[in-house]
Each structure stands twice: as C-alpha cells, then as structure tokens.
Amino acid sequence: MVYKYDISLQLSDFYKIVEDDEERLGQKVTRCVAYGHLGDGNLHFNATSRTFDPEVLALIEPFIYEWTSKRNGSISAEHGNWL
C-alpha cells in the first residue's frame, strides 16, 4: 500500500517531513521517501506498508497536514493529495 501526498514547502524544510515521519511511523511502514521539484517547492511524499493499515493512516493524517501548515506550506501542491 502506498500513502501518497503532494505538499509544497520552503527548501529549508524540504526533506524534514521524511525524517519526522520515519521517526513517527517506525516499523509500521516499509519505507518513507520523497522526491520533488526544488524550483517550485513541490514535494511528493510516499510511505509504504505491506497492506492497508488504518493505524498508519491515522499516524500520517492529520499529522502531515498540520506539519505542513505550521511551516506555511501547502497541502495541495502540484497534484493535490490522495490515498
């Protein structure tokens, strides 16, 4: 299962969401990664688990939205967000 989000951040915070989510999610996920567009601050955040896990989703949401908001980012950057 892939949990996908598209957020927009200032470059100083660009990869911090991955570090914070890796710590938050721990062994509940198989991986947290991000890639994006440095020029416009769009970041594609993905976390994966072997199957859908409501606990993982609850750990990601609303955390990712609140985290982004506190950094004056956008939760609907290039493509919006989806599950």
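Just so we're clear, the structure is a prediction, and the values are computed from it rather than from any experiment.

What follows is about the overall build of the protein chain. The secondary structure content of the protein chain amounts to three helices and three strands. When its helices and strands are written in sequence order, the protein chain yields β-α-β-β-α-α. Computed over C-alpha atoms, the radius of gyration of the protein chain comes to 12 Å, within 12% of the 12 Å expected from 2.2 N^0.38 for 83 residues, which places it in the range of a compact globule. Considering only C-alpha atoms, the protein chain reaches an extent of 35 × 20 × 20 Å along its principal axes. Here the protein chain, with 83 residues, has 40% of them falling under the buried criterion. Contacts in the protein chain between residues far apart in sequence, at least 24 positions, make up 69% of those at least 6 positions apart. Accessible surface, the protein chain: about 4,800 Å² in total, of which carbon and sulfur atoms supply 48%. Taking the average place of the 8 positive charges on the side chains of the protein chain and the average place of its 13 negative ones, the gap between the two points comes to 5 Å.

With that settled, the discussion passes to the sheet that holds strand β2 (residues 31-37). Spatial strand order, β1-β3-β2: three strands in an open sheet with antiparallel pairing. At either end of the open sheet lies a strand with only one pairing partner, and these are β1 (2-8) and β2. Averaged over neighbouring strand pairs, the angle between their axes works out to 20° when direction is ignored. Across seven bridges, the pairing between β1 and strand β3 (residues 42-48) is antiparallel. Considered in β3, the bridge of Asp6 is made with His44. In the packing of helix α1 (residues 16-25) onto the sheet, the strands contacted are β1, β2 and β3, and the crossing angle to β2 comes to about 165°.

About the criteria used
Residue positions are counted from 1 within each chain, in the order its sequence is given. Reporting of local features is limited, given that this is a predicted model, to residues whose pLDDT is at least 70; pairs of side-chain atoms are given and counted only at 80 or more, and all residues count toward the totals for whole chains, interfaces and linings. By convention in this description, side-chain values take in all heavy atoms of the structure and omit both hydrogens and water. Secondary structure follows DSSP: runs of H or I at least 4 residues long count as helices, runs of E at least 2 residues long count as strands, and numbering of each begins at the N terminus. Put simply, the radius of gyration uses C-alpha atoms, and a globule should come to 2.2 Å times the residue count raised to 0.38. Whether a residue is buried, partly exposed or exposed follows from its accessible area with a 1.4 Å probe, protein chains only, as a fraction of its type maximum: under 20%, in between, or over 50%, in that order. Contacts are residue-level and defined by heavy atoms, with any inter-residue pair within 4.5 Å sufficient. For the accessible areas, the method is Shrake-Rupley and the probe is 1.4 Å, while residue cover comes only from the protein chains on display. Two residue types count as positive, namely Lys and Arg, and two as negative, namely Asp and Glu; His and chain ends fall outside the count. For this purpose, a charge sits on NZ of Lys, CZ of Arg, CG of Asp or CD of Glu. Strands qualify as paired when DSSP identifies two bridges or more between them. Working convention: axes come from line fits to C-alpha atoms, limited for helices to the stretch in contact. Angles between N-to-C directions cover 0 to 180 degrees.

By themselves these figures say nothing about function.
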